Amino acid sequence: DTGVSQDPRHKITKRGQNVTFRCDPISEHNRLYWYRQTLGQGPEFLTYFQNEAQLEKSRLLSDRFSAERPKGSFSTLEIQRTEQGDSAMYLCASSLAGRGETQYFGPGTRLLVL
Amino acid sequence: SQKIEQNSEALNIQEGKTATLTCNYTNYSPAYLQWYRQDPGRGPVFLLLIRENEKEKRKERLKVTFDTTLKQSLFHITASQPADSATYLCALKFYNNNDMRFGAGTRLTVKP
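Computed from a prediction, not measured in an experiment: that's the story for all the values here.

**As for the overall build of chain B**
When its secondary structure is counted, chain B shows zero helices and 11 strands. For chain B, the succession of helices and strands along the chain, N to C, is β-β-β-β-β-β-β-β-β-β-β. For 112 residues, the compact-globule formula gives about 13 Å, and the C-alpha radius of gyration of chain B, at 13 Å, lands near that figure. For chain B, the C-alpha atoms occupy an extent of roughly 45 × 30 × 20 Å along the three principal directions.

In structure tokens, the structure reads:
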């Protein structure tokens, strides 16, 4: 399967714990995006990489969130000191830079903070 | 601030009819607009892209229109089937942003 993959698919954690999610994009894609989606809403942009550089980060993103893409391939999203409000689906998407780019989404990681 | 609104949370139609979904936006026109399909528990899947200088795009039973004067895109599914039941999201790419901005989606149910 050459699509975008995410791991884990589901995560249940207690409030205050740290969690880390992984995204493996389509291999030739140089752009990688993280989104958060809550029930009944569309995906909300969190951050974006071109190759290994993090070029944009949403102003809505708390300092507890950090993302990396160390070698320009896979990416990790870490949430420190989780809160119940962090419960959501975390989606990763990748694309090839260019005009009219299509983003290909992974299946998402569903996080539940108890 | 920029707003993106999809016409309704839910749309129910009979099999064989045409489903029409609406995406409205405020302020600036996007460089392009995309429609995605999302099934429960899955990530969105790209369907169609239409640029600001295009009026209409078609792909099989799907048609998208884009009216920058009305600041509106319409998404049509003709000869709808129960398998078309899903949430449909519009997403806009603006010139001053690197990311896509999504609407909340419309949940379409096609009844046999």
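**Some remarks on the nonpolar core**
Membership of the largest hydrophobic core comes to 24 residues, with the highest contact counts inside it found for B:Trp35, B:Phe75, B:Tyr88, B:Leu92 and B:Leu108. For this core, the elements supplying multiple residues, two or more each, are β2 (10-14), β3 (19-25), β4 (32-38), β5 (45-51), β7 (62-67), β8 (72-77), β9 (86-93) and β11 (106-111) of chain B. If you look at the next biggest cluster of nonpolar residues, it comprises 19 residues, including A:Leu46, A:Ala67, A:Cys92 and A:Val113.

**Comments concerning the pattern of salt bridges**
Evaluation of the coordinates by the stated rule reveals eight salt bridges over all chains. Among the ionic pairs, A:Arg22 bridges to A:Asp24, the shortest N-O distance being 2.7 Å. B:Asp39 serves as the salt-bridge partner of B:Arg37, at 3.1 Å between the closest nitrogen and oxygen. Relative accessible area serves as the criterion here: at 19%, B:Arg37 is assigned to the buried category. Residue B:Asp39 is classed as partly exposed on the basis of its relative accessible area of 26%. Through salt bridges with shared partners, one network takes in A:Arg64, A:Glu83 and A:Asp86.

**A look at the sheet that holds strand β8 (residues 75-79) of chain A**
Residues and elements named next belong to chain A. Strand order in the open sheet formed by four strands is β1-β3-β8-β7, and the pairing between neighbours is antiparallel. Both outer strands of the open sheet, β1 (5-7) and β7 (65-68), are each paired with one neighbouring strand and no more. Geometrically, the sheet is characterised by an average inter-axis angle of 15° between neighbouring strands, direction not taken into account. Sheet topology note: the β7/β8 ladder contains four bridges and is antiparallel. In the strand pairing of β8, serine 66 is matched with glutamate 78.

**With respect to the side chain of A:Ser75**
Residue and element names in this part refer to chain A. With respect to the helices and strands, serine 75 occurs in strand β8. Taking relative accessible area as the criterion, serine 75 reaches 0% and is therefore assigned buried. Separated by 2.9 Å, the side chains of serine 75 and tryptophan 34 make a polar contact. A distance of 2.8 Å separates a polar side-chain atom of serine 75 from the backbone oxygen of glutamate 68. Beyond its immediate chain neighbours, meaning those up to four positions away, serine 75 contacts Phe21, Arg22, Cys23, Leu32, Trp34, Phe49, Glu68 and Arg69.

**Here we look at the state of the cysteines**
One pass over the structure, following the stated rule, counts two disulfides over all chains. With its sulfur 1.8 Å from that of its partner, A:Cys23 forms a disulfide with A:Cys92. Of note, the bridge from A:Cys23 to A:Cys92 carries an S-S torsion of about -65° and is left-handed in sense. Placement of A:Cys23 in strand β3 (residues 19-24) and of A:Cys92 in strand β9 (residues 88-95) is noted, with a sequence separation of 69 residues between them. Here the two residues A:Cys23 and A:Cys92 agree in accessibility, since each one is buried. Disulfide pairing places B:Cys23 opposite B:Cys90 at an S-S distance of 2.0 Å. Between B:Cys23 and B:Cys90, the disulfide has an S-S torsion of 65° and is therefore right-handed. Of this pair, B:Cys23 sits in strand β3 while B:Cys90 is found in strand β9, placing the two residues 67 residues apart along the sequence. Neither residue differs from the other here; B:Cys23 and B:Cys90 are each classed as buried.

**Remarks on the interface of chain B and chain A**
Each partner contributes residues to the interface: chain B has 19 residues there, and chain A has 21 residues. Of the roughly 1,600 Å² buried where chain B meets chain A, counting both sides, 49% is carbon and sulfur surface. Our count for the contact surface shared by chain B and chain A stands at zero salt bridges. Run the count over chain B and chain A and you get two residue pairs in polar contact (both at pLDDT 80 or more). Contributing elements (two or more residues each) for the side of chain B that touches chain A: β4, β5 and β10 (100-102) of chain B. Sort the elements by how many residues they give to the side of chain B that touches chain A and β4(B) lands first, with four residues.

The rules behind the values
Each chain carries its own residue numbering, running from 1 in the written order of its sequence. The lettering of chains begins at A and the numbering of ligands begins at 1, in the order of writing. Residues qualify for local features only when their pLDDT is at least 70, as the model is predicted, and side-chain atom pairs are given and counted only at 80 or more; totals for whole chains, interfaces and linings, by contrast, use all residues. Neither water nor hydrogens contribute to the side-chain values; these are computed over all heavy atoms in the structure. In DSSP terms, a helix is any run of H or I states spanning at least four residues, a strand is any run of E spanning at least two, and both are numbered starting from the N terminus. Restricting the calculation to C-alpha atoms gives the radius of gyration, and the globule rule supplies 2.2 Å times the number of residues raised to the power 0.38. To define a nonpolar core, start from buried Ala, Val, Leu, Ile, Met, Phe, Trp, Tyr and Cys residues and group those joined through side-chain atoms within 4.5 Å. Exposure classes here rest on a 1.4 Å probe applied to the protein chains alone. A residue is buried below 20% of its type maximum, exposed above 50%, and partly exposed in between. Salt-bridge detection follows one rule: a side-chain nitrogen of Lys or Arg within 4 Å of a carboxyl oxygen of Asp or Glu. Two strands are said to pair when DSSP picks up at least two bridges between them. The axes are straight lines fitted to the C-alpha atoms, using for helices just the contacting stretch, and the angles between their N-to-C directions are given from 0 to 180°. Any pair of nitrogen or oxygen atoms within 3.5 Å is treated as a polar contact; in protein, a donor-acceptor pairing is required on top of that, and neighbouring residues in sequence qualify only through side-chain atoms on both sides. The contact rule is simple, with two residues in contact once any of their heavy atoms fall within 4.5 Å. Count a disulfide wherever a pair of cysteine sulfur atoms falls within 2.5 Å. Buried area adds together the accessible area that both of two parts lose upon being put together, with accessible area traced by a 1.4 Å probe.

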